[in-house]
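# Structural characterization, general
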Amino acid sequence: LAQGVKWRSQCHLALSKIGAAMGEDSSGNMLYGNLRQFLTTVDELRDVGLQKYVNLPRIVVIGTQSAGKSSVLESIIGLNVLPRHSGVCTRRPLELRLVHMDEREHTVKDAWAQFGDNPKKFTNLDEVTAEILRLTDQVAGRNKGIVDDPITMTLHATVCPDLTVIDLPGITRVPLKDSEQTEDIEQVTKEMTYRYISDPRTICLAVMAANQDLSTSDALQMARQVDPKGIRTIGVLTKIDIMDRGTDAMKALRGDEIPLRLGYVGVKNRSQADIDSGMQVQQALDAEDKWFAEHARYSKLPPGHTGTRSLVDKLTVVMYHHIKSFLPQICREIQDKKTTVAMRLSELGDGVPIDDFDRVQLMWTMVTDYCEMFRNTIRGKFDRRLQMYTGTEDVVHGGSQIRNIFSDLMWELDHNDCLSGMSDDEMNSAIRLHEGDSLPGFPSMDTFEFLMLPHLRRIEVPCMQCLDHVVSTVEQLTQRIAHAVFRRFPKMAQQVIALSKVILDREAEATRAIVQHLVEAETGYLFTNDEDFLVHHGGMESIFKEGNKAAAKAKAKAPGGKAPPPGAEGDGLFEQDDAKPDKGYLQSAQEGISSAYSSVSTKLSGAPPPPSKKKPVYAAQFVNEIRNRLNSYFKVVVRNVRDGVPKAIGWFLVRSMMSKIQFELYTALNKPDGMADLLGEPAHIVEERKQLAGQRDTLGKAYDVLQRDPVMVNQLSFALENIDLDDEAPPAPAPQAKAARASTSFKMTPQAPTPQAAPKVASRPAAPVATPAVAAKAAAKTRSLFEEDGPAGLGPL
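Residues numbered from 1 in each chain as written. Predicted model: local features only at pLDDT ≥ 70, side-chain atom pairs only at ≥ 80, totals over all residues. Heavy atoms only, no water.

## A word on the overall build of the protein
Note the threshold: Here a helix means four or more residues in a row that DSSP labels H or I, a strand means two or more in a row labelled E, and each is numbered from the N terminus. Each accessible area value is a Shrake-Rupley result obtained with a 1.4 Å probe; residue values ignore everything except the protein chains displayed when judging cover.
Tallying secondary structure elements over the protein gives 27 helices and ten strands in all. In the form shown here, the protein has an accessible surface area of approximately 40,700 Å², with 53% of it arising from carbon and sulfur atoms.

Encoded structure:
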């Protein structure tokens, strides 16, 4: 108990130092004054409609039906203004904006209320209750229906604190008989509750009966689902006075069963008999303080665990710290959303003009943007409009895609030998096949063409595929840009895409003929001026060099170092066929035909078959040289095609379309008769522009609200950063039960606090300007004071 009292004294000391730094002598009055400013700012943000786009800090009361939510709220308000009867009391969410009035200038009877945009002031509290019922029946019906359409009520009174609280309909499990409640009433009420408490900027005030098991509480279970760590949930235990004899809620209040960062508070509400007897709320609060102070067990709890006034104290400090923490984030969100909305409105434009000249100008502007973006994305130039229209910064330029297609053209053919799958025997057979009746040893050009043409024909298909891929890439690029630029006008977008396709197909056909001619020239006429080919394969020198090398090797291997006989190691042009090398396909076919012809002739003539003759075989060096010449020439052709075909496609297709598309689109679209149809905006574009305009106005008003009084925010931040917590706390008051109850009483008068309330700072001047290091240290200590748990499970203030 002593530790709890000392901790609470430190909290009051921190509040008093805030007030001293702000030029005040009362911590509580300064806190409530700044909280009123914060709440006014948040309420004004909610009034301008910012809640539709940005989540705002708020306190939401949740609980099951008849758990005592309305009774707790009425105790917080301090006046009899809420409907009270058995059954369902709250059927529409009720947003209560409580404004405390100075007791020196007003009395309890000066309380008045106002509903939403209605300028009428309700000074009679009975009329306030009747108006709540009327607004509820107006939307939810008279037959116990539940609707998610909140009622906004602002209440000004001397007995109420500065808070904004939302009371939700209680969770109902079974629909009432002869009512408008459907069978899924439980799901409806739970989904409504989740919509409010899922916002991380919402403080959950979970109301539950103390005479029930906390582990089965719907309010606590729902709060834990959206707030697993319990950092923004306050538990309120009602009906604590009607628990079974011999039981109490001590463990629950201390947080021993289900801990919450903000702790639990036990309250004692008015019973139905007290309401029927005419007991006022203030009388009930005094009776509540007396009951807890005289209770044998609850009176021994540290301050802040029991009583409605302790609950108000906790809500006030938590809400103050909550709003102060989130206001900078809210300001940043407003600025970001303003920028996003402005960019989107810029994309949508101001609407379709009426005048014909203005329509043509609008068409010209969009066509110019379309053509320039097409050219820029092909050339790889930075165009801010491209990012604005597409809405992304990761834009893959069309030029890089086309370049990748050109780079992949016949890459495998350029890095592999064309004759790698043909053996020397097959090449030898092909050379002999095309010798004709001339003298052997002089192969003709027909042999070269016979071996080369099958490989040259492989070039045509990749070239046509390359052209098709470029055409497909350009077509996709035009469609993407057209849908982005003409998104407001779908008919014009389709027309532009169709015209671009016509131009692309026309240029593609012309380019296809050019590429076809280029391939035919490379494959039909064998010629090259390639220096490497002419130097290494233009003469017979390489053959003799290889023959000399082979002869030298054979001489070195011969016994006695003597030269082998002629023809032994292929030192000439021919080799003997004694070795009987493997026959290739062509040679086998030729010999098969000859054998068959000879057999038939022999049988017809009756003469014996002639003796077999040995056929000359070309030397390996000669065959290898022919192979090298074929591979070298094939690489020359592939290199020429890899350079020539991309140039032809790039110039006759891509560059030609870039230069012609703008003029042809202008000519085709500039027709006054069809302009009105092309510039017809769809309904969803008009509706989107309307909604964005409303959102822009709301964000602008919200930004003006935040900038209206920046001195207050800056001054409060400066005061919090310059608190010095190293001073010793004054001695705590005597831990008497009654004095402890009085220390938690909710005093909002500007008079000096009583000895049981927060200690007063004696004539301390405003805090001097601190260095950044000292300010950071003080700010960290202040945050820990408000956020960390107190001793003995007291929970943060």
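## Side note on the confidence of the model for the protein
Definition in use: pLDDT is a per-residue confidence score from the predictor, ranging from 0 to 100. Contacts: residue pairs with any heavy atoms within 4.5 Å of one another.
Considering every residue of the protein, the mean pLDDT works out to 74; 68% of them sit at 70 or more. Per-residue pLDDT stays below 50 along residues 11-27; that stretch engages in 43 contacts with residues further than four places along the chain or on separate chains. Contacts from residues 576-586, a stretch scored under 50 in pLDDT, to residues over four places away or in other chains number 15 contacts.

## A short note on the environment of Val-641
Here Val-641 lies in helix 22 (residues 620-669). C-alpha of Val-641 to C-alpha of Met-410: the two residues are 231 residues apart in sequence and 8.8 Å apart in space. Residues within four places of Val-641 in sequence aside, it is in contact with Leu-409, Met-410, Ile-459, Cys-463, Glu-522 and Pro-646.

## Structural notes on the packing of aromatic side chains
Applied cut-off: Two rings from Phe, Tyr or Trp (for Trp, the six-membered ring) form a pair when their centres sit within 6.5 Å of each other. Planes less than 30 degrees apart are called stacked, planes more than 60 degrees apart edge-to-face, and all others tilted. Under the scheme applied here, a residue whose accessible area is under 20% of the maximum for its type counts as buried, over 50% as exposed, and between as partly exposed, the area being computed with a 1.4 Å probe on protein chains only.
In this structure the tally under the stated criterion is seven aromatic pairs. Note on Trp-291 and Tyr-298: the rings are 6.0 Å apart at their centroids and 40 degrees apart in plane angle, and the pair reads as tilted. Owing to a relative accessible area of 26%, Trp-291 belongs among the partly exposed residues under this scheme. Here Tyr-298 falls in the buried class, since its relative accessible area comes to 1%. Between the aromatic rings of Tyr-370 and Phe-486, the centroid separation amounts to 5.9 Å while the plane-to-plane angle is 55 degrees, which identifies the pairing as tilted. Highlighted residues: Tyr-370 in helix 11 (residues 356-379) and Phe-486 in the loop between helix 17 (460-485) and helix 18 (490-524), separated in sequence by 116 residues.

## Re helix 3 (residues 69-77)
Among the nine residues in helix 3, nine count as buried, and that is most of the element. For helix 3, the full list of buried residues reads Lys-69, Ser-70, Ser-71, Val-72, Leu-73, Glu-74, Ser-75, Ile-76 and Ile-77. Just downstream of helix 3, Gly-78 is the residue with a positive phi angle, here 90 degrees.

## Considerations on the side chain of Thr-368
Spelled out, the test is: N or O atoms closer than or at 3.5 Å make up a polar contact, with two conditions inside protein: a donor-capable atom paired with an acceptor-capable one, and, for residues adjacent in sequence, both atoms drawn from side chains.
Checked against the element boundaries, Thr-368 lands in helix 11. A distance of 2.7 Å separates a polar atom in the side chain of Thr-368 from the backbone oxygen of Trp-364. Apart from residues no more than four positions distant in its own chain, Thr-368 is found in contact with Gln-662 and Tyr-666.

## Re the nonpolar core
The test is simple: Throughout, nonpolar core names a set of buried Ala, Val, Leu, Ile, Met, Phe, Trp, Tyr and Cys residues whose side chains join them through atoms within 4.5 Å.
In terms of nonpolar packing, the biggest core is built from 71 residues, with Tyr-370, Val-470, Phe-486, Met-492 and Ile-649 touching the most fellow members. For this core, the elements supplying multiple residues, two or more each, are helix 11, helix 13 (398-407), helix 15 (424-433), helix 16 (445-456), helix 17, helix 18, helix 22 and helix 23 (672-678). Setting aside anything within four residues of it in sequence, one finds Tyr-370 in contact with Thr-478, Ile-481, Ala-482, Val-485, Phe-486, Val-496, Ser-500, Ile-661 and Leu-665. Formed by 63 residues, the second largest nonpolar core is a distinct cluster that contains Leu-50, Ile-59, Leu-262 and Phe-326.

## Structural notes on the sheet that holds strand 6 (residues 202-209)
In sheet architecture, strand pairing relies on hydrogen bonds along the backbone and comes in two forms, parallel and antiparallel. Our working rule: Strand pairing requires that DSSP identify at least two bridges connecting the strands. Only C-alpha atoms enter the line fits that serve as axes; for helices the fit covers just the stretch in contact. Angles between N-to-C directions range over 0 to 180 degrees.
Strand order in the open sheet formed by eight strands is 3-4-2-5-1-6-7-8, with mixed pairing between adjacent strands. At either end of the open sheet lies a strand with only one pairing partner, and these are strand 3 (112-115) and strand 8 (264-266). Going across the sheet, the axis of each strand differs from the next one's by a mean of 25 degrees, ignoring polarity. Bridge count between strand 3 and strand 4 (residues 151-157): four bridges; the pairing is antiparallel. Bridge assignment links Ala-113 to a residue of strand 4, and that residue is Leu-155. Against the sheet, helix 3 makes contact with strand 1 (58-62), strand 2 (94-100), strand 4, strand 5 (163-167), strand 6 and strand 7 (233-238), and its axis sits at roughly 165 degrees relative to strand 5, the strand it touches most. Its contacts with the sheet put helix 10 (residues 308-348) on strand 1, strand 5, strand 6, strand 7 and strand 8, and the angle it makes with strand 6 is roughly 160 degrees.

## Thoughts on the pattern of salt bridges
For clarity, the threshold we go by: A side-chain nitrogen of Lys or Arg and a carboxyl oxygen of Asp or Glu constitute a salt bridge if their distance falls within 4 Å.
Overall, the coordinates contain 26 salt bridges when judged by the stated rule. The salt bridge partner of Asp-47 is Arg-97, with a shortest N-O separation of 2.4 Å. One end of the pair, Asp-47, is in helix 2 (residues 27-47); the other, Arg-97, is in strand 2, with 50 residues separating them in the sequence. By relative accessible area, Arg-97 is classed as buried at 6%. When the shortest N-O distance is used, the salt bridge between Asp-102 and Arg-104 registers 3.2 Å.

## Examining the pairing of strand 5
The two faces of a sheet get side chains in turn, since along a regular strand they alternate between them. Counting buried residues in strand 5 gives five out of five residues, a clear majority hidden from the surface. Looking at chain direction, strand 1 and strand 5 are connected through three bridges and run parallel. In the strand pairing of strand 5, Ile-59 is matched with Val-165. With five bridges connecting them, strand 2 and strand 5 associate as antiparallel partners. Residue pairing for strand 5: Leu-94 is matched across the bridge by Asp-167.

## Notes on the environment of Asn-376
Note that Asn-376 resides in helix 11. When its relative accessible area of 15% is taken as the criterion, Asn-376 is described as buried.

## So, unusual backbone geometry
A positive phi angle, close to 55 degrees, is found at Lys-239, a residue other than glycine. When you line up the elements, Lys-239 lands in the loop between strand 7 and helix 7 (250-254). For Lys-239, a relative accessible area of 31% corresponds to the partly exposed category. Despite not being glycine, Met-410 shows a phi value in the positive range, around 50 degrees. Checked against the element boundaries, Met-410 lands in the loop between helix 13 and helix 14 (411-414). Judged by its relative accessible area of 5%, Met-410 is buried.

## Digging into helix 24 (residues 683-707)
Threshold: Expected span, for any helix, means 1.5 Å times one less than how many residues it has.
With 25 residues, helix 24 extends 36 Å between its outermost C-alpha atoms, agreeing within 8% with the 36 Å of an ideal straight helix rising 1.5 Å per residue. The set of residues buried in helix 24 consists of Ile-685, Arg-689, Leu-692, Gln-695, Thr-698, Leu-699, Gly-700, Ala-702, Val-705 and Leu-706.

## Section: the packing of helix 10 against helix 24
Selection rule: For a crossing to be left-handed, the near helix must be turned anticlockwise from the far one by less than a right angle; the clockwise case is right-handed. Put simply, Ala, Val, Leu, Ile, Met, Phe, Trp, Tyr, Cys and Pro go in the nonpolar bin, Asp, Glu, Lys and Arg in the charged bin, and everything else, Gly too, in the polar bin.
Where helix 10 meets helix 24, the closest approach of the two axes is 9 Å, and the angle between their N-to-C directions is 150 degrees. Helix 10 and helix 24 meet at a crossing whose hand is left-handed. Side by side, helix 10 and helix 24 meet where Leu-327, Cys-331, Ile-334, Gln-335, Lys-337, Lys-338, Val-341, Arg-344, Leu-345 and Leu-348 of the first sit next to Ile-685, Glu-688, Arg-689, Leu-692, Ala-693, Gln-695, Arg-696, Leu-699, Ala-702, Tyr-703, Leu-706 and Gln-707 of the second. Its residues placed into classes, the contact of helix 10 with helix 24 shows 13 nonpolar, three polar and six charged.

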